[in-house]
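Survey of secondary and tertiary structure
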Amino acid sequence: MQKSNSADNQQEMVSEVEKGWLAGIIDGEGCLHIDLDPKGGTHPYLAITNSNKLIIEKIVSIWHRLGIGCRVQTRRNRDKNPLQDVQVIGYKRLKPALIAIMPYLIGKANEALLLYRFVESRLLKDSKHLPNGERGFSPAEIELIYSLKEYKHHNRISSETN
């Protein structure tokens, strides 16, 4: 039987266990973020940082089998030890990535939902082929950007004891 290269068949090759595993890695080692650039643009992304080569390879394998492009960057931590970041960048890649993992997220479930709503809103604007001058951020999109930033800040464990 010949395999098809369609995205649907690629998704069938990723088990629910693997999606749950990936979501767990994202909950513990991941970052869901929207960078704002000085020119007024945004760069949404999902990144997972780890130093274990086997974990990085598994993450990349799952994203590829889901039909989602990702890139791997190597850098060093403060102690000069190598780390790798697996990044899913951009609206068109993030939407299916978030759809695949959101049912399994726990700690970053709300962040993923906020990022998904933002991505969906921007993709809808792009699909309308608006002139550049009309592609600005709606009040709802601005609220999503700041809600994501605020949510991340308020859900960190503090060093204060109760």
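Sequence positions are assigned chain by chain, starting from 1 and proceeding in written order. Only residues with pLDDT of at least 70 are given local features in this predicted model, and only at 80 or more are side-chain atom pairs given and counted; all residues enter the totals for whole chains, interfaces and linings. Only hydrogens and water are set aside when side-chain values are computed; all heavy atoms of the structure are taken into account.

**Some points on the packing of aromatic side chains**
Under the convention used in this document: By convention, a stacked pair of Phe, Tyr or Trp rings (six-membered ring in the case of Trp) has centres within 6.5 Å and planes under 30 degrees apart, an edge-to-face pair has planes over 60 apart, and any other such pair is tilted. A helix here means a DSSP run of H or I that spans at least four residues, while a strand means a run of E at least two residues long, and both kinds are numbered starting from the N terminus. Each residue's exposure class comes from its accessible area (1.4 Å probe, protein chains only) as a fraction of the maximum for that residue type: buried when under 20%, exposed when over 50%, partly exposed otherwise.
On inspection of all chains with the given rule, the structure shows 2 aromatic pairs. Look at Tyr91 and Phe118: their rings are 6.2 Å apart centre to centre, the planes differ by 40°, and that puts the pair in the tilted class. Residue Tyr91 is found in helix α4 (residues 91-101), and its partner Phe118 is found in helix α5 (residues 109-127); the two are separated by 27 residues along the sequence. Note on Phe118 and Phe137: the rings are 6.2 Å apart at their centroids and 35° apart in plane angle, and the pair reads as tilted. Within this pair, whereas Phe118 is found in helix α5, its partner Phe137 is found in the loop between α5 and α6 (139-154), the two being separated by 19 residues in sequence. When its relative accessible area of 0% is taken as the criterion, Phe118 is described as buried. Taken together, the aromatic side chains of Tyr91, Phe118 and Phe137 make up a single cluster linked through ring pairs.

**Considering the pairing of strand β1 (residues 30-36)**
What counts is decided by this rule: Paired strands, in this sense, are two strands between which DSSP finds at least two bridges.
Examined bridge by bridge, β1 and strand β2 (residues 42-50) share 7 bridges and lie antiparallel to one another. Paired with Leu32 across the bridge in β2 is Leu46.

**A look at the pattern of salt bridges**
As a reminder of what qualifies: Each salt bridge in this description consists of a side-chain nitrogen of Lys or Arg and a carboxyl oxygen of Asp or Glu lying within 4 Å of one another.
Following the criterion strictly, the structure yields 7 salt bridges and no others. As a salt-bridge pair, Glu141 and Arg122 come within 2.8 Å of each other at their nearest N and O atoms. Of this pair, Glu141 sits in helix α6 while Arg122 sits in helix α5, and the two are 19 residues apart along the sequence. The buried category is assigned to Glu141, whose relative accessible area is 0%. By relative accessible area, which is 9% here, Arg122 ends up buried.

**Some remarks on the sheet that holds β2**
To be explicit about the condition: Lines are fitted to the C-alpha atoms to define the axes, a helix being fitted only along its stretch in contact, and any angle between axes, read from their N-to-C directions, falls within 0 to 180 degrees. In what follows, residue pairs with any heavy atoms lying within 4.5 Å of each other are defined as contacts.
Sheet architecture is open: 4 strands sit in the order β1-β2-β4-β3, paired in antiparallel fashion. Each having just a single partner strand, β1 and β3 (71-76) make up the two edges of the open sheet. With strand direction ignored, the average angle separating the axes of adjacent strands in the sheet is 30°. The sheet contact formed by β3 and strand β4 (residues 82-89) spans 6 bridges and is antiparallel. In the sheet register, Gln73 faces β4, and the bridge partner there is Asp85. Relative to β2, helix α2 (residues 16-29) is tilted by about 100°, and along the sheet it contacts β1 and β2. Along the sheet face, α4 touches β1, β2 and β4 and points at about 50° away from the line of β2.

**Section: α6**
Put simply, the rule reads: Expected span, for any helix, means 1.5 Å times one less than how many residues it has. The reported arc concerns the directions from the helix axis to the C-beta atoms and nothing else.
Taking 1.5 Å per residue, 16 residues should reach 22 Å; α6 reaches 22 Å between its end C-alpha atoms and fits that length. Of all the positions in α6, only Glu141, Leu144, Ile145, Leu148 and Lys152 are classed as buried. For α6, the angular spread of buried residues about the axis comes to 100°, placing them on one side. Looking at α6, the residues exposed on the side facing more than 90 degrees away from the buried face are Pro139, Ala140, His153 and His154.

**Quick look at the packing of α2 against helix α3 (residues 53-65)**
As a reminder, the rule being used: In these notes the angle categories are as follows: under 35 degrees is roughly parallel, over 145 is roughly antiparallel, 65 to 115 is roughly perpendicular, and the rest is oblique. What makes a crossing left-handed is the near helix being turned counterclockwise from the far one by less than a right angle; a clockwise turn instead makes it right-handed. Residues were grouped as follows: Ala, Val, Leu, Ile, Met, Phe, Trp, Tyr, Cys and Pro as nonpolar; Asp, Glu, Lys and Arg as charged; and all remaining residues, including Gly, as polar.
Where α2 meets α3, the closest approach of the two axes is 11 Å, and the angle between their N-to-C directions is 125°. With respect to their mutual orientation, α2 and α3 come out oblique. Both α2 and α3 take part in a crossing whose hand is left-handed. Contacts between α2 and α3 involve Glu18, Trp21, Leu22, Ile25 and Ile26 from the first element and Ile55, Lys58, Ile59, Ile62, Trp63 and Arg65 from the second. A breakdown of the residues in the contact of α2 with α3 according to their chemical character gives 8 nonpolar, no polar and 3 charged.

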